[in-house]
Each structure stands twice: as C-alpha cells, then as structure tokens.
Amino acid sequence: MSAPASEREATGVFSPGRARILARTLRVDRWWLSPLLTTLGLATFIVYATVRAFVRSAYWVEEYHYLTPFYSPCLSESCVPGSSHFGTPFPELPMWIPLNFLILPLLLGFRVTCYYYRKAYYRSIWLSPPACAVAEPHGRYTGETRLPLIIQNAHRYFFYAAVIISLINTYDAILAFHGEGGGFGFGLGNVILVVNVTLLWAYTLSCHSCRHVTGGRLKHFSAHPVRYWIWTQVSKLNTRHMQFAWITLGTLMLTDFYVMLVASNTISDLRFVG
Ligand code: FES
C-alpha cells in the first residue's frame, strides 16, 4: 500500500515542502472501514435498483393503487393497466428498456452529482483520498474541470428535475388512498408511501442547489425576508443532507419491496380503512 514516490514527486502529500514520508499512511486505526461500508451501501442500492428496474413485475397493486416509485411514471403500453397515471404516450418497450426510462437518467444524474454522494464515492471508490491522512493512489488531480467530471456542475439542473419527480411521487402517494371497492382506503402501504415521499422531499429540499436557489446571490437578506426565511429553513434541512441521502436509499428500497410483496400476493396489505 505504500506509494511509489517516484511517480508522485510533485503532487499532494508528496509535494516539495511536505514531510518526506514514503508510507501511504501512518494511521493504525481502521480508517478503511468507513469507505468499505460506504461502498457496500451504494453497491447494495445499485444492484437492487437495477434488478428491480428490469424485472417488470409486481410494481402495481390494482386493488389499492400502490405504485412503486421505481416504476413511476409508467408511460408506455408495456405498463400494466392502471399503473400509468399520466397516460401511455410511448409504445411497447423491449425488455432491455426500463419502464421508467424517462426519469431514470434524471434520478441517477441527481444522485450521482449530489455533493454528498460525490464525497462518498470520490473517497470510497475513487480513493481520492480514502480518509484523512491517507494518501490517494492517483498521481494527478484535475478536479471537476473537464469531462467526465465537469458534468458534476449540472447538478442544479438535475435538482429542478428532481423537484418534478418528487411532485409525481407525491401524486402517486395521494392516488394510493384507494379502497378495494373504490372510494377512500388507507393501509400500511399508504403509510410507507407517504413516509417515503416525505423523506424524498426532505432529501430534495436539503440539496445544496436548493439552498442556492432560495437564498443565493442575495446581497441583503433584510430586503428579501421571505426568501431569507425559506433559505433559513432549507439551511436547517441541509445540515442533515447526508442522513437524508442514506435514509432515502433505504426507504426507496423498502417501499419498492413492500409494494412488490403485496403486488405478488406474498403478503396482504394491512388495511385500516377500505
Ligand atoms: Fe445532494 Fe443536491 S447536494 S442532492
């Protein structure tokens, strides 16, 4: 694990003026544990989401109108009847195209360019650097100044898309208050869908771009009391952004898993009304 000093003469901890230490790190604690857990957490979500995106089954519960967020919005004629809340403007899709193909790139773009996830995968996967006082294995650092990482600067546009997607998920959650025979209904699935969408809003609104949209570029907060108040609330949420980033990965999987179990008749939804 020690660094080849010859390749690194001019950068990072091997720059002239820094202490001449050839070991990659002098840390003796388990500094590798955090990057390892982060990698495992991200990999779990990626594998689960990829499998679910392609299986094309058990994503809609007709009796209660539960739709998993992984298939929303479902816009093609391949979608099961009832699951297309916004119509079917697209024809049947081949199996290799996920049914929510339209928003998948936007969702991925939002998460991948998120400031917190950048920190997570730069450290854990790219090892740049993997931990404090642990030298990175790369010889050069170019930052986010050229392709592909310059795309990270598009995060603010993915934020606008994420707001629209959160509105769609909210609409799905409202439509899910549906009883078996029609009319109003309420079950455990509704609780899960509402908690999920609430946390998705918390993650979206705690975004650093949202903070800039609400209060950025203001020279005098006193002249913009409403924006200042909104910025203050967003800033409070923003302090929890990392937590929301992780919690929403978990709640997305949990929500999808619950809908899958009910839709496949593996379990029955616990009904409170209707
Ligand atoms: Fe994480 Fe914008 S910074 S979603």
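So, how was this worked out
- Residues numbered from 1 in each chain as written.
- Predicted model: local features only at pLDDT ≥ 70, side-chain atom pairs only at ≥ 80, totals over all residues.
- Heavy atoms only, no water.
- Helix = DSSP H or I, 4+ residues; strand = E, 2+ residues; numbered from the N terminus.
- Expected span 1.5 Å × (residues − 1).
- Buried < 20%, exposed > 50% of the residue type's maximum accessible area, 1.4 Å probe, protein only.
- UniProt positions renumbered as here; feature names shortened; annotations may be inferred.
- Phe/Tyr/Trp six-rings, centres within 6.5 Å; stacked < 30°, edge-to-face > 60°.
- Lys NZ or Arg CZ within 6 Å of the ring centre and 35° of its normal.
- Salt bridge = Lys/Arg side-chain N within 4 Å of Asp/Glu carboxyl O.

Caption draft 1: Summary view of helix H5 (residues 188-205). With 18 residues, H5 extends 26 Å from end C-alpha to end C-alpha; this agrees with the ideal 26 Å at 1.5 Å per step. By the burial criterion, the buried members of H5 are Gly189, Asn190, Ile192, Leu193, Asn196, Val197, Leu199, Leu200, Ala202, Tyr203 and Thr204.

Caption draft 2: The arrangement of unusual backbone geometry in detail. The linkage connecting Ser72 with the following residue, Pro73, adopts the cis geometry, with an omega of -5°. Its location among the elements puts Pro73 in the loop between strand E2 (66-67) and helix H2 (104-112). Put simply, Ser128 and Pro129 share a cis peptide bond, and its omega is -10°. Inspection of the secondary structure puts Pro129 in the loop between helix H3 (115-124) and helix H4 (155-175). You will see that His65, though not glycine, has its phi angle at about 60°, which is positive. With respect to the helices, strands and loops of the structure, His65 is situated in the loop between strand E1 (60-61) and E2. Non-glycine residue Leu127 carries a positive phi angle of around 55°. Among the structural elements, Leu127 can be located in the loop between H3 and H4. For Leu127, a relative accessible area of 28% translates into the label partly exposed.

Caption draft 3: Spotlight on the UniProt feature "transmembrane region" (unreviewed entry) in the protein chain. Look at the UniProt record and you will see "transmembrane region" (unreviewed entry) annotated at residues 31-51, 95-117, 157-177, 183-203 and 244-263. Secondary structure within residues 157-177 divides into 90% helix and 0% strand; the distance between the first and last C-alpha atoms comes to 32 Å. Between the C-alpha atoms that bound residues 244-263 there is a distance of 27 Å. The span itself is 100% helix and 0% strand.

Caption draft 4: Layout of the packing of aromatic side chains. Considering all chains together, one arrives at 18 aromatic pairs under this definition. Ring plane angle 75° and centroid distance 6.0 Å describe the contact between Tyr48 and Phe70, whose orientation is recorded as edge-to-face. Taken together, the positions of Tyr48 in helix H1 (residues 33-55) and Phe70 in the loop between E2 and H2 put the pair 22 residues apart, joining distant regions of the chain. Residue Tyr48 shares its accessibility class with Phe70, and that shared class is buried. Here the aromatic rings of Tyr228 and Trp231 are separated by 6.0 Å at their centres, their planes lie at 25°, and the arrangement is stacked. Of the two residues, Tyr228 and Trp231 both sit in helix H7 (residues 225-238), three residues apart, roughly one turn of that helix. In textbook terms, an aromatic cluster arises when at least three aromatic residues are bridged by ring pairs, as seen for Phe110, Tyr116, Tyr117, Tyr203 and Trp246. Sitting above the plane of the Tyr203 ring, Arg111 keeps its charged end 4.2 Å from the centroid.

Caption draft 5: Region of the structure containing the pattern of salt bridges. A full pass over the atoms with the stated rule returns four salt bridges. The salt bridge partner of Arg52 is Asp256, with a shortest N-O separation of 2.6 Å. Of this pair, Arg52 sits in helix H1 while Asp256 sits in helix H8 (residues 241-263), placing them 204 residues apart in sequence. A single burial state applies to Arg52 and to Asp256, both of which are buried. Among the salt bridges present, the one from Arg271 reaches Asp269, with a minimum N-O distance of 2.7 Å.

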